[in-house]
Structure formats: C-alpha cells, structure tokens
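In case you want the letters, here they are:
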Amino acid sequence: EAMERQAASCVQKLNTAQRLVSGLADENERWANTVVDLRQLSLRLIGNCMLASAFVGYASPFSARLRQDLWQNVWTADLKQREIPM
C-alpha cells in the first residue's frame, strides 16, 4: 500500500513537471517572438522620432495640405534616401 502511494505520488509529480516544462516552452516561444518584434521596432524608432519631431516642430503652423506634402513627399523621401528605417 505504501508502494502504491509512492507510485501515485511520483506519477502526480511527473505530470506536474510535464505541465511545467510545456508551459515554459510556450513562454520561451512567446518571449522569442517579443524579442524579434522589439528589435524591429527599435530599428524604426529613430526615423519615426525624426518624422514626429519634424512635424511638431516645423509643420504645425502650416495648412493641412502643406503638412501632408512635407510629411509624405519631403521628409519621408529624405529618410528613405538616407536609408533611415521608419
């Protein structure tokens, strides 16, 4: 009877360990995907900040048409030409 209790306890511990390992594997995959996403975002951070600061600093007093032209045709083109990711 003691042997059966010990065997049942071992089976329960094994099941718990398997669930833990499975959960950790899923968490590892999620973290790996998060790291990839953050690396991609960090590459575009400089260009995005440059566009946003240029818009706030220089374009805000101008008309919507001029702001759109500056944003899409001048600044974005300049960042692309300089190969700054955004």
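Residues numbered from 1 in each chain as written. Predicted model: local features only at pLDDT ≥ 70, side-chain atom pairs only at ≥ 80, totals over all residues. Heavy atoms only, no water.

Asker: Kindly report on the overall build of the protein chain, identifying the contributing residues and their values.
Answerer: The number of helices and strands found in the protein chain is two helices and zero strands. Relative to a compact globule of 86 residues, whose C-alpha radius of gyration would be 12 Å, the protein chain shows 27 Å and is clearly more extended. Overall size of the protein chain, expressed as C-alpha extent along the three principal axes, is 85 × 25 × 15 Å. At a minimum sequence separation of 6, the contacts of the protein chain that also span at least 24 residues come to 48%. Put simply, the protein chain shows about 7300 Å² of open surface, and 59% of that area lies on carbon and sulfur atoms. The protein chain carries 10 positive and 9 negative side-chain charges, and their two centres are separated by 8 Å. (Helix = DSSP H or I, 4+ residues; strand = E, 2+ residues; numbered from the N terminus. Rg over C-alpha atoms; globule rule 2.2 N^0.38 Å. Contact = heavy atoms within 4.5 Å. Areas by Shrake-Rupley, 256 points an atom, 1.4 Å probe, with all protein chains shown as cover. Lys, Arg positive; Asp, Glu negative; His and termini not counted. Charge placed at Lys NZ, Arg CZ, Asp CG, Glu CD.)

Asker: Outline the side chain of Thr76, listing residues and values.
Answerer: Looking at where Thr76 falls in the secondary structure, it is placed in helix 2 (residues 64-81). A polar contact of 2.5 Å, which involves the side chain of Thr76, links it to the backbone oxygen of Trp71. Excluding residues that lie within four positions of it along the chain, Thr76 makes contacts with Leu51, Leu70, Trp71 and Met86. (Polar contact = N/O pair within 3.5 Å; in protein donor to acceptor, adjacent residues only side chain to side chain.)

Asker: Describe in detail the pattern of salt bridges, supporting the description with residues and values.
Answerer: Evaluation of the coordinates by the stated rule reveals three salt bridges. As a salt-bridge pair, Arg30 and Glu27 come within 2.4 Å of each other at their nearest N and O atoms. Note that Arg30 and Glu27 are positioned in helix 1 (residues 2-59) at a spacing of three residues, about one turn of the helix. When its relative accessible area of 45% is taken as the criterion, Arg30 is described as partly exposed. With its nearest N and O atoms 2.9 Å apart, the salt bridge here joins Asp78 to Arg82. (Salt bridge = Lys/Arg side-chain N within 4 Å of Asp/Glu carboxyl O. Buried < 20%, exposed > 50% of the residue type's maximum accessible area, 1.4 Å probe, protein only.)

Asker: I'd like a description of unusual backbone geometry, backed by residues and values.
Answerer: The backbone phi angle of Glu83 is positive, close to 60 degrees, even though this residue is not glycine. Positionally, Glu83 belongs in the segment after helix 2.

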